[in-house]
Amino acid sequence: MAPEIKYNKIFIDNQWVEAEDINAAVKAAKRAFHRNSEWRLMDASQRGKILNKFADLVERDADYLAELETYNNGMVLSMCRRFIGASAYHIRYNASLADKIQGSTIPCDGDAFSYTLKQPVGVCGLILPWNVPMLMFISKVTTALAAGCTVVVKPAEQTPLTALALAALLAEAGMPPGVVNVVPGFGETAGATLTHHPDVALISFTGSLEVGKLIQQAAGTNNLKRVVLELGGKSPLVIMNDADHETMMNKVLGYIEKGKSEGAKLLTGGKRIGTTGFYIEPAVFADVKDDMAIAKEEIFGPVQSIFKFNTLEEAIDRANATNYGLAAGIFTSSIETALQFSKHVEAGNVWVNTYLHHGPQLPFGGFKESGIGRENGLDAVNSYLEVKTVTISLPKKV
Ligand code: ADP
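Small disclaimer: the values here were computed from a predicted structure and weren't measured.

## Some details on the state of the cysteines
Enumeration according to the criterion identifies 0 disulfides in this entry. Free of any disulfide, Cys-149 has its nearest cysteine sulfur in Cys-124, 3.7 Å distant. With relative accessibility at 0%, the residue Cys-149 sits in the buried group.

Right, here's the structure in full:
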């Protein structure tokens, strides 16, 4: 049953819980967003300088942060180290955006002069998933800060550690008090309080479609929050190493069984490897039909489905016959085929003769039920800005 929610408190199992921490954080973020606050009076270029200093500190503490992320999430250390490099790069990209947010002058009809201002939307609630905790924190937080917003971050309940360490580094870099607030907590309590809070202007969320739908509903409850939703698709590769390993392994094995029982042909792999750890042989299925579970649902495991098609048109129609639309790829030597596929496939990212090519400059997000809005690049910063159109009466003739 959906929990009852009153203002900043949430009533679950006969008691008011966790809302107080979120409430305090939103209050601090609201104070820091006041038009006369240190943050709002700061030059945009100074915001960029603080973010660049933050990147320096992330690099200074790279070894510590990489190890902490391994404890946090179970990702292997070498991969965490790579993510630190990517994180610092990402911060610097957003740092450089801070003083390049510009409106335009508009030649409107009549005796008037019009221009637009792009202004920070306000207090942003950033709800993070557990799969790439540090990079997610950095991507959302530094985009919001480049735009001039203040933030309350709720890391995933499984992975709060690096978010707290990064908040300390932001403070060391010179972020004024109240601009960045991190509140670890559960989704149904801390997360839901944030998404219902009347003083939060925007929620940026990365996670499951199911929770994304709850967030979109909550966003319209006490005010009209903007929402940025990145809800996954069919392409992520995830490694887990805690007790849930077993559940996840069984879920993936369940899909493999389902694939076989629905008539797909398992060409190789698909069995558990040994009895230590929770490893599965990469599985490849042939003869997969579009309506099978392994064709439609996100498996989050090493399972590859192979479909045969005859024409490009057919491939596009079948690729689009899913509620998701996060990413798609094509391998071809024909430029016309590449351009036609890229134009007509319903996905937020299209890769041609490559796959999973990402970068801080490149917008990332989904069509359809894969999400709303974009992370990264100039399109991401636009999500954190309101456009204000100013029109001044001004006769054309002097
Ligand atoms: P995943 O599949 O990545 O675990 P979830 O959507 O379950 O995705 O969780 C992603 C984030 O959403 C986590 O930080 C979690 O605590 C939070 N969350 C879960 N339920 C809610 C909710 N009802 N309201 C707000 N946040 C939630």
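## Details of the sheet that holds strand β5 (residues 112–120)
If you walk across this open sheet you meet the 3 strands as β4-β5-β19, and the pairing is antiparallel. Each of the sheet's edge strands pairs with one partner strand only, and the pair in question is β4 (105–106) and β19 (385–393). When β5 meets β19, the two strands line up antiparallel, connected through 9 bridges. Among the inter-strand pairings, Thr-116 is bridged to a residue of β19, identified as Thr-389.

## Quick look at the sheet that holds strand β14 (residues 283–286)
Spatially, the 3 strands line up as an open sheet ordered β11-β14-β15, and their pairing is mixed. Strand pairing shows two members of the sheet lacking a second neighbour, β11 (265–268) and β15 (303–305), which therefore form its edges. Across the sheet, the mean angle separating the axes of adjacent strands is 30 degrees when strand polarity is ignored. Note that β11 and β14 share 3 bridges and pair antiparallel. Of the residues in β14, the one forming a bridge with Thr-268 is Val-284.

## What to know about the environment of Arg-35
With respect to the helices and strands, Arg-35 occurs in the loop between α1 (19–32) and α2 (38–41). Overall, Arg-35 belongs to the exposed group, its relative accessible area being 62%. Beyond its immediate chain neighbours, meaning those up to four positions away, Arg-35 contacts Arg-40 and Leu-41.

## Section: the pairing of strand β6 (residues 123–127)
Within β6, 5 of the 5 residues are buried, which leaves it mostly tucked inside the rest of the structure. On β6, burial covers both faces: Val-123, Gly-125 and Ile-127 on one face and Cys-124 and Leu-126 on the other are all buried. Pairing geometry for β6 and strand β7 (residues 150–154), over 5 bridges, is parallel. Bridged to Val-123 within β7 is Thr-150. Handedness of the β-α-β unit built from β6, helix α6 (residues 133–147) and β7 comes out right-handed. One ladder, built from 4 bridges, connects β6 with strand β9 (residues 202–206); its direction is parallel. Directly across from Gly-125, in β9, lies its bridge partner Ile-203.

## Considering the pairing of β14
Here β14 pairs with β15 via 3 bridges, running parallel. Each bridged residue has a counterpart across the sheet, and for Ala-283 the counterpart in β15 is Val-303.

## Examining helix α7 (residues 161–173)
If you check α7, its first and last C-alpha atoms are 19 Å apart, about what 13 residues at 1.5 Å a residue would give, namely 18 Å. Restricting attention to buried positions, one finds in α7 the residues Thr-162, Ala-163, Ala-165, Leu-166, Ala-167, Leu-169, Leu-170 and Ala-173. Those residues of α7 hidden inside the fold are in contact with α3 (44–60), α4 (62–73), α6 and β8 (180–182). Just downstream of α7 lies Gly-174, where phi reads positive at about 110 degrees.

What counts and how
- Residues numbered from 1 in each chain as written.
- Predicted model: local features only at pLDDT ≥ 70, side-chain atom pairs only at ≥ 80, totals over all residues.
- Heavy atoms only, no water.
- Disulfide = S-S within 2.5 Å.
- Buried < 20%, exposed > 50% of the residue type's maximum accessible area, 1.4 Å probe, protein only.
- Pairing = 2+ DSSP bridges.
- Helix = DSSP H or I, 4+ residues; strand = E, 2+ residues; numbered from the N terminus.
- Axes fitted to C-alpha atoms, helices over the stretch in contact; angles between N-to-C directions.
- Contact = heavy atoms within 4.5 Å.
- Right-handed = clockwise from strand over helix to strand, strands pointing away.
- Expected span 1.5 Å × (residues − 1).

Such coordinate-based values are descriptive only and should not be taken to indicate function.
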